[in-house]
Amino acid sequence: MSENSTAPDAHAERHRTVPAPASAPASDRDRDRAEPRFPGGPAADPAGSHHERRIRSFRPRRGRVTVGQGEALRRLWPQWGLDIDGLHPLDLGELFGDPDLPVVLEIGFGMGEATAQMAAADPGTGILAVDVHTPGQGNLLALAERDGLSNVRVANGDAIILLREMLAPAALSGLRVYFPDPWPKKRHHKRRLLQPEFVELAATRLRPGALLHCATDWEPYAEQMLEVLTASPSFDNTQPDGGYSPRPDFRPLTKFESQGLDKGHIVHDLIFRRNDA
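Residues numbered from 1 in each chain as written. Predicted model: local features only at pLDDT ≥ 70, side-chain atom pairs only at ≥ 80, totals over all residues. Heavy atoms only, no water.

Participant: Explain the pattern of salt bridges to me, please; I cannot follow it from the model alone.
Facilitator: Where charged atoms from two side chains of opposite charge approach closely, those side chains can pair. The full count for this structure, using the stated rule, is six salt bridges. For E71, the salt bridge goes to R75, with nearest N and O atoms at 3.2 Å. Here the residue E71 and the residue R75 both occupy positions in helix α3 (residues 67-80), the gap between them amounting to four residues, near one helical turn. Overall, R75 belongs to the partly exposed group, its relative accessible area being 41%. Here R251 ties to D269 by a salt bridge, and the two come within 2.8 Å at their closest N and O atoms. Residue R251 is located in the loop between β7 (235-237) and α10 (255-262), and its partner D269 is located in strand β8 (residues 268-274); the two are separated by 18 residues in the primary sequence. For R251, a relative accessible area of 2% corresponds to the buried category. Salt bridges sharing common partners tie together E71, R75 and E145. (Salt bridge = Lys/Arg side-chain N within 4 Å of Asp/Glu carboxyl O. Helix = DSSP H or I, 4+ residues; strand = E, 2+ residues; numbered from the N terminus. Buried < 20%, exposed > 50% of the residue type's maximum accessible area, 1.4 Å probe, protein only.)

So this is what it looks like as structure tokens:
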């Protein structure tokens, strides 16, 4: 992911990490897994036991949170964040304060730099960005505040539950899945997000004409994505030849991606359009 320039003193402040207890008792560690680290911020397990336990496509990632990220979580989460609990239908017009605003769902945003760039470049589109990485959630909130991005909301939890339980049919104007975990080992392929069941669920929440845009630098996963999306009766490939798409200008080239390209990785974009079927 690309880095953002900050003033020297702000840069130093944002990169001081919040210390963790050196040897917390087991009971304390168990409690920390169940309780939010930031009061009023993202919940540790927002859906709890309300929904079935299934094979998930993501690993819960807490990580070390900088002082700046933690402060953003404490201050901004009540305003711009939401927990995916699977219990309450989500009104996107109310969430963004504009019933006519088209909203794109982004699943997995890392540290949020690319998300912030896309939001700044297209203020007429709302971005509902979902991840389980606490430092990234705090970082994206901080970027949104710094850049005055009123069209970003950050969701914490399982995107499958969000799609299935909380969003209305045809609620979304687009879906973005950039560099999801490739789960490279064969025995883990069942954990990959881009499966036929996911694609058909997503189709029910996308308006006709909406774009489903995926990108990956893992060749076998790109091949699976292309196979699954091509087989779906709900989507049409935007490429006349039925293959991969060039990277569109609206998807920023991140630092992470640039490093991969320097190492010889090939990045594949796939852009499919929701049809009327």
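Having seen the model, we can carry on.
Participant: Please explain the packing of helix α5 (residues 113-121) against helix α6 (residues 134-146) as it appears in this structure.
Facilitator: Packed helix pairs are characterised by how far apart their axes lie and by the angle those axes make with each other. Look at α5 against α6: their axes get within 9 Å of each other, and the N-to-C directions meet at 30 degrees. By the criterion of interaxial angle, the relationship of α5 to α6 is roughly parallel. The way α5 lies across α6 gives a crossing that is right-handed. Contacts between α5 and α6 involve E113, T115 and A116 from the first element and N139, L140 and L143 from the second. Partitioned by chemical class, the residues of the contact of α5 with α6 number three nonpolar, two polar and one charged. (Axes fitted to C-alpha atoms, helices over the stretch in contact; angles between N-to-C directions. Parallel < 35°, antiparallel > 145°, perpendicular 65-115°, else oblique. Left-handed = near helix turned anticlockwise from the far one by under 90°. Contact = heavy atoms within 4.5 Å. Nonpolar A, V, L, I, M, F, W, Y, C, P; charged D, E, K, R; others polar.)

Participant: Please explain unusual backbone geometry as it appears in this structure.
Facilitator: The phi torsion of most residues other than glycine is negative, and most of the peptide bonds are trans. For A170, which is not a glycine, the phi torsion comes out positive at approximately 60 degrees. In this fold, A170 is placed in the loop between α7 (159-166) and β5 (172-178). Of note in this structure, F179 is not a glycine but carries a positive phi near 55 degrees. Along the polypeptide, F179 turns up in the loop between β5 and α8 (196-205).

Participant: For this particular structure, what's the right way to read the pairing of strand β3 (residues 126-131)?
Facilitator: Successive residues of a regular strand alternate their side chains across the two faces of the sheet. Of all the six residues making up β3, six are buried; the element is thus mostly covered by neighbouring parts of the structure. Alternating residues of β3 divide into G126, L128 and V130 and I127, A129 and D131, and every residue in both groups is buried. Here strand β2 (residues 103-107) pairs with β3 via five bridges, running parallel. From the neighbouring strand, L105 faces β3, where its bridge partner is L128. Regarding the hand of the β-α-β motif, the stretch spanning β2, α5 and β3 is right-handed. Inspection of the sheet shows β3 paired to strand β4 (residues 152-156) by five bridges, in the parallel sense. (Pairing = 2+ DSSP bridges. Right-handed = clockwise from strand over helix to strand, strands pointing away.)

Participant: It is not clear to me how the environment of S150 should be interpreted in this structure. Could you clarify?
Facilitator: Mapped onto the elements of the fold, S150 is located in the loop between α6 and β4. Exposure remark for S150: the relative accessible area of 52% places this residue in the exposed category.

Participant: Is there a simple way to think about α6 in this case?
Facilitator: Each α-helix winds once per 3.6 residues, and so residues spaced three or four apart point in a common direction. Helix length check: α6, at 13 residues, gives a terminal C-alpha distance of 18 Å against a target of 18 Å (1.5 Å per residue), a fit within 8%. Summarising burial for α6: eleven of the 13 residues are buried, a large majority. Listed as buried for α6 are T134, P135, G136, Q137, G138, N139, L140, L141, A142, L143 and A144. One or two residues past the end of α6 sits G148, with phi positive at roughly 65 degrees. (Expected span 1.5 Å × (residues − 1).)

Participant: Got a minute to help me understand the pairing of β8 in this structure?
Facilitator: Where burial is concerned, most of β8 is hidden: six out of the seven residues are buried. Bridging between strand β6 (residues 206-216) and β8 involves six bridges; their strand directions are antiparallel. When the sheet's bridge partners are listed, T216 is paired in β8 with H268. As paired elements, β7 and β8 share three bridges and run antiparallel to each other. Each bridged residue has a counterpart across the sheet, and for D236 the counterpart in β8 is R273.

Participant: In this structure, what is going on with the sheet that holds strand β1 (residues 81-83)? I would like to understand it.
Facilitator: Consider a sheet: its strands pair through backbone hydrogen bonds, and that pairing is either parallel or antiparallel. Here we have eight strands laid out as an open sheet, ordered β1-β4-β3-β2-β5-β6-β8-β7, and mixed in their pairing. Single-partner strands in this sheet number two, and they are β1 and β7. Neighbour-to-neighbour, the strand axes of this sheet turn through a mean angle of 20 degrees, independent of strand direction. Sheet strands touched by α5: β2, β3, β4 and β5. Its angle to β3, the strand with the most contacts, is close to 170 degrees.

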